[in-house]
Amino acid sequence: MIGERRTSILTPGENCWQKVNANRAAVAIDGEAYFRAIREAILSARDSVFILGWDLHSRLKLVRDDSDHEHPIELGELLDFIAREHHVDVFVLTWDFASIYTLERESRPLYVFNKKTHSRVHFHLDSQHPVGASQHQKVVVVDDCVGFSGGFDLSKWRWDTPEHAIDDARRKDPDGKPYPPFHDVQMVVDGDAAKALGQLARERWQRATGTQTAPAVPTQPNSPNAPDGDLEHDPWPASITPLMRNVPVGIARTLAQYRGHPAVQEVKQLYLDSISAAEHFIYIENQYLTSNAIQQALVASLQLENGPEIIIVMPEKTGGWLEQHTMDVLRARLVKKLQEADHANRLRLYYPQLASDTDVSLMVHAKCMIIDDYMLRVASSNLSNRSMGLDSECDLFIEAEIESEAYYAIQKIRRTLMSEHLGIDTTTLQNSEAEHPSLIRVIELHQGGERTLQTLHTNVTPEVDQLVPESALIDPEQPYHPDHLVNHFVPNKDKPHTARHFLKVALLLTLLLVLVAVWRWTPLSDWLNIDQMMRYITLLESQSLAPWLVIPIFAVAATLAVPLTLLVVAVILVFGSSLGFAYALSGALLSAVLSYWVGQWAGHALLKHYAGNRLHRISQKLSKRGVLTIITMRIIPIAPFAVINVVAGASHIRLRDFVLGSFIGFLPGMAAIALFTDKVLRSIKEPSGGNLIWLAFWVVAIVLMMFGLRKWLRYKSRKREQGQ
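What you see is a predicted model, and the numbers here were worked out from it, not measured in a lab.

A. Here's a closer look at the packing of helix α6 (residues 292-302) against helix α8 (residues 327-341). α8 packs onto α6 with a crossing angle of 15° between their chain directions and a minimal axis gap of 9 Å. The orientation of α6 with respect to α8, classified from their angle, is roughly parallel. Classified by chirality, the crossing of α8 by α6 is right-handed. Residues Gln 295, Leu 298, Val 299 and Leu 302 of α6 form the contact with α8, whose participating residues are Leu 334, Lys 337, Leu 338 and Ala 341. A per-class count over the contact of α6 with α8 returns 6 nonpolar, 1 polar and 1 charged.

B. Highlighting unusual backbone geometry. With a phi close to 65°, Asp 373 is a non-glycine residue in the positive phi region. Within the fold, Asp 373 resides in the loop between β15 (368-371) and β16 (375-378). On the accessibility criterion, Asp 373 (0% relative accessible area) is buried. A positive phi is found at Glu 403, a non-glycine position, where the angle reads about 65°. Structurally, the position occupied by Glu 403 is in the loop between β17 (393-399) and α10 (405-422).

C. Structural context of the nonpolar core. Of all hydrophobic cores here, the largest spans 91 residues; its most connected members are Val 189, Met 244, Ile 251, Leu 289, Ile 312 and Leu 376. The dominant element in this core, judged by the number of residues it contributes, is α10, at 8 residues. Looking at which domains feed residues into this core, each of domain 1 (20-216 + 235-255) and domain 2 (264-473) gives three or more. Among residues more than four places away in sequence, those in contact with Met 244 are Asn 23, Arg 24, Ala 25, Leu 376, Ile 398, Glu 405, Ala 406, Ala 409, Ile 410 and Ile 413. Membership of the second largest hydrophobic core comes to 41 residues, among which are Leu 43, Val 49, Leu 75 and Leu 125.

D. Structural view of the packing of aromatic side chains. Under the counting rule described, the total for this entry stands at 10 aromatic pairs. Aromatic side chains Phe 50 and Phe 91 sit 4.6 Å apart centroid to centroid with 15° between the ring planes, which places their arrangement in the stacked category. With Phe 50 in strand β2 (residues 48-53) and Phe 91 in strand β3 (residues 89-95), the pair connects residues that are 41 residues apart, well separated along the chain. Phe 91 shares its class with Phe 50; the two are buried. Aromatic pair Phe 91 and Trp 205: ring centres 5.3 Å apart, planes at 70°, arrangement edge-to-face. Of this pair, Phe 91 sits in strand β3 while Trp 205 sits in helix α4 (residues 191-209), placing them 114 residues apart in sequence. The cationic tip of Arg 377 hangs over the ring face of Tyr 271; the distance from NZ or CZ to the ring centre is 3.4 Å.

Rules used in this analysis
Within each chain, residue numbers correspond to sequence positions counted from 1 in written order. In keeping with the model being predicted, local features are shown solely for residues with a pLDDT of at least 70 and side-chain atom pairs are shown and tallied solely at 80 or more, while totals for entire chains, interfaces and linings include all residues. The basis for the side-chain values is all heavy atoms of the structure; hydrogens and waters are excluded. Axis definition: a line fitted to C-alpha atoms, over the contacting stretch in the case of helices. Angles run 0 to 180 degrees between N-to-C directions. Each helix corresponds to a stretch of at least 4 residues labelled H or I by DSSP, and each strand to a stretch of at least 2 residues labelled E; elements are numbered beginning at the N terminus. Should an angle fall under 35 degrees it is taken as roughly parallel, and over 145 as roughly antiparallel, whereas 65 to 115 is taken as roughly perpendicular and any remaining angle as oblique. In a left-handed crossing the near helix is turned counterclockwise from the far helix by less than a right angle, and in a right-handed crossing that turn is clockwise. Any two residues having at least one pair of non-hydrogen atoms within 4.5 Å are treated as being in contact. For this scheme, ten residues count as nonpolar: Ala, Val, Leu, Ile, Met, Phe, Trp, Tyr, Cys and Pro. Four count as charged, namely Asp, Glu, Lys and Arg, and the remainder, Gly too, count as polar. The cut-offs for exposure are 20% and 50% of the maximum accessible area for each residue type, with area from a 1.4 Å probe on protein chains only; residues under the lower value are buried, those over the upper are exposed, and the others partly exposed. As used in this record, nonpolar core signifies buried Ala, Val, Leu, Ile, Met, Phe, Trp, Tyr and Cys residues forming a set joined through side-chain atoms within 4.5 Å. For the domain bounds, the source is a domain assignment made automatically or taken from a database. Two rings from Phe, Tyr or Trp (for Trp, the six-membered ring) form a pair when their centres are within 6.5 Å of each other. A pair whose planes differ by under 30 degrees is stacked, one over 60 is edge-to-face, and the rest are tilted. Each ring is checked for a lysine NZ or an arginine CZ that lies within 6 Å of its centre and within 35 degrees of its normal; such an atom marks a charge sitting over the ring.

Here it is as structure tokens:
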């Protein structure tokens, strides 16, 4: 089925950062294998452990069996143990997340890791990325001797077994709550590849903290850190069998241009080059499929006369309500274009079905690609625009010689993945492949069971499709700038050409961005923390005019670009979840209106000389999409709060639509913060029935709000169509 391999596609400086050798390489499929391996490697550490992630939870249980374990099984306790007992320096770096993910994250991670653990454990939230970007690399390096990279975060909803049993009692988060089945993949390497990952981790740590760290020092047999009988220190995890030896590994990155650092798009280029090199098949597992560049590459492959089969395995639904009504819509648009190009019927999209009588879906979080059984990619990058140019990413890529050990290892990995999803053993799959040269035909032969790969239908209703903005707003490939927001609201052909007025708006937006930077990166950031904010707000709590003071002060502070999430959390902590939520929502709306009026004043002259039909046409176009656009920009963190307000005012979005969109967009995040904060307070105080009632009330309220929002948006869409 496979022909002769082409020349290596890895080119350092173009589609990869480094091409380095791994003495051993393997993959860990699903959380049970990966988390056990991580624990084994960390317990073997003698010098340093680096952890980079999008998310992390200190109470994550790394092993979940009935055995008595001599050493800790929870991540935070394990890191504290090796720092205390083995004198290991631990460096943990995770994304300084947006407020929309508050409910998914551990509360007070800085306190948990920096105050409750040994001083050798260093924890930092990475905010060194453009607005709207994230730290998405998922790397663990132990002593620069063994490295892990792929799609796994050391987080609370990641552990699972290859069986993905729907009722697995072990699949619970640290609070004891069950979560849906989860699938992911991580690569393990040693040798020079592990050293390179160590270098990558140190460079990211230095960029985030400004602190340099020295490379790991090889442990000598007589070192005080070396255990008895440790003649040759080897932290390779005992539970992972090496599948490949002495193989070249390409390391590809995505880094956005930021604060003097140039943009790096090796991830994107390596995707394009590898897809172009495919001859027989491309097997993909990925959470998302929204990248414009990937779409163009796959379309080009489908248009070849004798091109490869393309098999893409994705989740049936990408996540919660927000993702289903944004990323799933973008996925549907892209898939439609792929299907239009698939004249030879070589494209298949599947989702893993766990059972026919349940609506429980497997979350496919893996980011891997296997091409012709000689190219293996295990990545942190999604097939999304932001992974191509905005978020920080780290992908590992292996090329094998035909019929080499690595070639058969990659083939085994692919068959293991496919067999897991089809609910069959690898021998059965291998026999089917021997009879049929087409992987699509092989999959279709084994469809129909309880556990199988089902055809993924990505259609969305026209009403929903019309309401979702273009991918450049939801899934951007480049960092956001004020100009991007202006371009979204006002078409190029309708923009005025008066340089003086453009300069006024540009200066205003620049001032707001400077304020954002001042609060975040100058010594004033030490003044702006939860404890300080609570002290200031508590001074107002005892005043009889508290509501009339808190709301305007909140509004002024937010208008001056004080971080909105910080203000919301502080107010809720002082006044409680209900009253604090009301104050925060009122203050945020007042601040939004104030900033809107500032933008309207600054930007009104931009359009005032366009009278008559042209001005009417612009206002009409903006009014039709104004509410949804503002909702989207409130929920998805694409730009600072005050900047959005000013640009909206300058764009002539109607104040009514702006306020309504802001109100609806604020509700999910603020309600989530209120519930989350209330949960923290209840964990400190004695639980009571009243608190439980309030919790239930807010959960029901959010569900009803989302349901009502969907119905309202559909009603508006139908009404607009009837009017047309």
